[in-house]
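Listed below are the residues making up each chain.
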Amino acid sequence: MTLLVFHHHYRPGGVRRVIELGLPGIVGRAGLSIDTVWLVGGEAPEAAWLERLQSALRPVQVEVRVDAALGYASEQRSRSPRATADVRRVVERLAQELSGREVVVWGHNPSLARNAPATRAWVRAGERYGWRLVFHHHDWWFDNRWQRWPELKRAGLGTLADAARWI
């Protein structure tokens, strides 16, 4: 089984800490048969952090897949609908690489809605390929972050009902 860990970036901070503390327990859990962990996002982790994580997970292999389209939408030059198409292409490319594998996606903070097209792409991939999705919500976009509402609207989540449906 491949455990695909998705976050928009692997910069130092809270989500990266959750991943480094949580992954050894998840990977070591009896009966899961995880042989590969993919870290997927818009930015790669630092080499030293990645080496420590790999050491903690041995013999499970850790691979990194990076594409800027999966990063925070507000930090990208491309805007919807091109950005949405770029995200779909990235997820499709990953699906081709993972063809025939059992996949679980552990997605972090989709509830911040920093890249709504990516959240939609993971949901659609789950439906299309039978991937199991576990969305880990650390924070919520509406929790003292209403300044992100225009970003959500630009991403096609024009109403609160749209945002709730995808998140």
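Let me begin by describing the structure that accompanies this report. (Residues numbered from 1 in each chain as written. Predicted model: local features only at pLDDT ≥ 70, side-chain atom pairs only at ≥ 80, totals over all residues. Heavy atoms only, no water.)

**Regarding unusual backbone geometry**
Note that the residue after R58, namely P59, is joined by a cis bond; omega there is 10°. Inspection of the secondary structure puts P59 in the loop between helix 2 (47-57) and strand 3 (61-66). (Helix = DSSP H or I, 4+ residues; strand = E, 2+ residues; numbered from the N terminus.)

**Details of the sheet that holds strand 4 (residues 103-108)**
Taken together, the five strands give an open sheet; going across it, the order is 3-2-1-4-5, and neighbouring strands pair in parallel fashion. A single partner strand is all that each edge strand has here, and the edge strands are strand 3 and strand 5 (132-136). For this sheet the average axis-to-axis angle between neighbouring strands, irrespective of direction, equals 20°. Across five bridges, the pairing between strand 1 (residues 2-6) and strand 4 is parallel. Directly across from F6, in strand 4, lies its bridge partner G107. The sheet contacts of helix 2 involve strand 2 (36-41) and strand 3, and relative to strand 3 the element is tilted by about 145°. (Pairing = 2+ DSSP bridges. Axes fitted to C-alpha atoms, helices over the stretch in contact; angles between N-to-C directions. Contact = heavy atoms within 4.5 Å.)

**Observations concerning the environment of Q61**
Along the chain, the position of Q61 falls in strand 3. Classification of Q61 by relative accessible area gives partly exposed; the value is 44%. As for Q61 and L4, which are separated by 57 residues in sequence, their C-alpha atoms are 12 Å apart. With residues near it in sequence (within four places) discarded, Q61 still touches D35, T36, V37 and Q54. (Buried < 20%, exposed > 50% of the residue type's maximum accessible area, 1.4 Å probe, protein only.)

**A look at the packing of aromatic side chains**
Throughout the structure, instances matching the rule amount to four aromatic pairs. Taking the centre distance of 5.2 Å and the plane angle of 50° together, the rings of F6 and W122 count as tilted. In this pair, F6 sits in strand 1 while W122 sits in helix 4 (residues 116-129), placing the two residues 116 residues apart along the sequence. Judged by centre distance (6.5 Å) and plane angle (35°), the ring pair of W122 and W131 falls under tilted. Summarising the burial analysis for this pair, W122 and W131 share the class buried. Over the ring of W38 we find R65; its NZ or CZ atom is 4.0 Å from the centre of that ring. (Phe/Tyr/Trp six-rings, centres within 6.5 Å; stacked < 30°, edge-to-face > 60°. Lys NZ or Arg CZ within 6 Å of the ring centre and 35° of its normal.)

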